[in-house]
Amino acid sequence: MNARTLPKGCFVTGTDTGVGKTRISAALLHWMALGGQIAAGFKPVAAGTSLIEGRRVNEDVRRLREASSANVTDGEVGPFQFDAACAPHIAAALEGRSIDREAILEAGRALLARSDFLVVEGVGGFCVPLGPDWDSSHIACGLALPVILVIGLRLGCLNHALLTAEAIEARHLPLAGWVVNSIDPGMAYPAQTLFTLQHELGQRQQAPCLGVVPWLGNPCPQAIAAHLNDAALRSAFGRRESGAPAAPLDLE
Ligand SMILES: Nc1ncnc2c1ncn2[C@@H]1O[C@H](COP(=O)(O)OP(=O)(O)O)[C@@H](O)[C@H]1O
Ligand SMILES: [Mg+2]
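Okay, so let's go over this structure. Residue positions are counted from 1 within each chain, in the order its sequence is given. Here chains are named by letter from A upward and ligands by number from 1 upward, in the order in which they appear as written. For this predicted model, a pLDDT threshold of at least 70 governs which residues receive local features, and a threshold of 80 or more governs which side-chain atom pairs are given and counted, while totals over whole chains, interfaces and linings are taken from all residues.

## Things to note about the nonpolar core
Our working definition: In plain words, the nonpolar core is the set of buried Ala, Val, Leu, Ile, Met, Phe, Trp, Tyr and Cys residues that C-beta atoms within 7 Å link up. Three exposure classes are used, based on other C-beta atoms lying within 10 Å of a residue's own C-beta, which is placed from the backbone: buried for 20 or more, exposed for 12 or fewer, and partly exposed in between. In this text, helices come from DSSP runs of H or I with a minimum length of four residues, and strands from runs of E with a minimum of two, each type numbered from the N-terminal end.
Ranked by size, the top nonpolar core spans 67 residues in total, and within it V119, I148 and I151 carry the most contacts. Looking at this core, the element that brings in the most residues is helix α1 (residues 21–34), giving eight residues.

The structure is reproduced here in structure tokens:
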């Protein structure tokens with residue numbers, strides 16, 4: 001009998017920007033909180049801020065902070081926020097700043113230590129350049145977190161999903177699973193696309209489907225969480241009681 005320790009967090013990536021990473025991450029935080037977990041969101045690099053309550057803050061950072069059951073500040077959830085809504089290394093350069101990889105990993109580890117579960121939202125797709133010699137995938141590697149791939153259901157998503165799964169495997173990270181998110185209510189052949197994803201990712205790569213989320217009028221954490229696959233999520237991450245040690249999961 002093998003035993004494995006349940007991961008204490010996940011890195012949420014997507015097939016592209018605008019596919020639902022933030023919405024799914026907030027729903028995962030909600031799902032963890034429902035089980036009594038102290039869950040924290042982390043958006044290490046965020047480009048694009050707006051004026052909220054007199055302060056410039058990134059909208060993803062704010063959403064993840066609000067969905068966190070851990071008591072965290074905007075600054076802790078989003079340590080590197082830049083005003084311009086463009087590629088993050090360009091947004092950083094516009095402000096004469098750089099993105100500090102070690103500082104991000106330190107901030108992530110601090111949140112991991114303070115919470116039962118950490119949901120890290122990547123930026124854009126999986127390999128977005130953050131400096132001359134590193135990209136967003138290195139955050140997942142540095143924090144040693146399994147990856148959840150959010151697939152925005154639209155034409156082209158099969159190619160993006162499979163390329164991303166390859167990149168995850170090339171970095172020796174586990175693909176904990178994937179969530180299909182309907183971001184285009186007019187998309188043709190969604191069921192056939194889902195069938196192909198089940199074959200390619202579910203059967204060929206043994207990565208479970210963690211949810212199929214329809215297009216929702218109000219994609220709030222509660223509404224999305226209702227479409228997550230409870231059993232698959234429990235098997236991938238468990239939902240320990242707050243403060244309890246990570247129980248080993250028995251695998252026959
Ligand atoms: N299931 C859904 N139904 C309807 N709208 C959605 C859904 N998922 C995401 N959206 C919308 O799509 C946009 C992009 O979602 P977001 O989570 O911000 O993507 P990302 O974090 O990948 O950039 C947002 O306006 C969000 O409200
Ligand atoms: Mg986002």
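Next comes the rest of the description.
## Points about the sheet that holds strand β11 (residues 147–152)
Selection rule: Here, any two strands with at least 2 DSSP bridges between them count as paired. For helices, the fitted axis covers only the stretch in contact; all axes are lines through C-alpha atoms, and the angles between them, taken along N-to-C directions, range from 0 to 180 degrees. We call two residues in contact when their backbone-placed C-beta atoms lie within 7 Å.
Strand order in the open sheet formed by six strands is β3-β8-β2-β11-β12-β13, with parallel pairing between adjacent strands. Two strands in the sheet have a free side with no partner beyond their single neighbour: β3 (39–42) and β13 (209–213). For this sheet, the mean angle separating the axes of adjacent strands, direction not counted, is 20 degrees. Bridging between strand β2 (residues 9–14) and strand β8 (residues 117–121) involves four bridges; their strand directions are parallel. By the bridge assignment, F11 is partnered in β8 with V120. Together, β2, β3, β8, β11 and β12 (175–181) form the strand contacts of α1, whose direction differs from that of β8 by roughly 175 degrees.

## A short note on unusual backbone geometry
Notably, E53 is not glycine yet its phi reads approximately 50 degrees, a positive angle. For E53, the position within the fold is in the loop between β5 (50–52) and β6 (55–57). A positive phi angle is found at Q206, which is not glycine, with a value near 55 degrees.

## A few points about the pairing of β8
Across a regular strand the side chains alternate sides, sitting on one face of the sheet and then on the other. Among the five residues that make up β8, five are buried, leaving the element largely enclosed by the rest of the structure. Here β3 runs beside β8; their pairing, made up of four bridges, is parallel. In the sheet register, G41 faces β8, and the bridge partner there is V119.

## Here we look at the packing of helix α7 (residues 157–170) against helix α8 (residues 190–204)
Note the following rule: An angle counts as roughly parallel when it lies under 35 degrees, as roughly antiparallel when it exceeds 145, as roughly perpendicular when it falls between 65 and 115, and as oblique in every other case. The hand of a helix crossing depends on one turn: near helix anticlockwise from the far one by less than a right angle means left-handed, and clockwise means right-handed. When residue character is reported, Ala, Val, Leu, Ile, Met, Phe, Trp, Tyr, Cys and Pro are called nonpolar, Asp, Glu, Lys and Arg charged, and the others, Gly included, polar.
At a minimum axis distance of 11 Å, the contact between α7 and α8 shows a crossing angle of 15 degrees. When the axes of α7 and α8 are compared, the pair comes out roughly parallel. As α7 packs across α8, the resulting crossing turns out to be right-handed. Touching C157, L158, A161, L162 and A165 of α7 are T193, T196, L197, E200 and L201, all from α8. Residues that form the contact of α7 with α8 fall into these classes: seven nonpolar, two polar and one charged.

## Here we look at α8
The condition is simple: A helix's residues, less one, multiplied by 1.5 Å, set its expected span. The reported bend at a residue is simply the angle between two axes, fitted to the 7 residues ending at it and to the 7 residues beginning with it.
Here α8 spans 20 Å end to end across 15 residues, near enough to the 21 Å set by a 1.5 Å rise per residue. A maximum bend of about 25 degrees is found in α8 at Q198.

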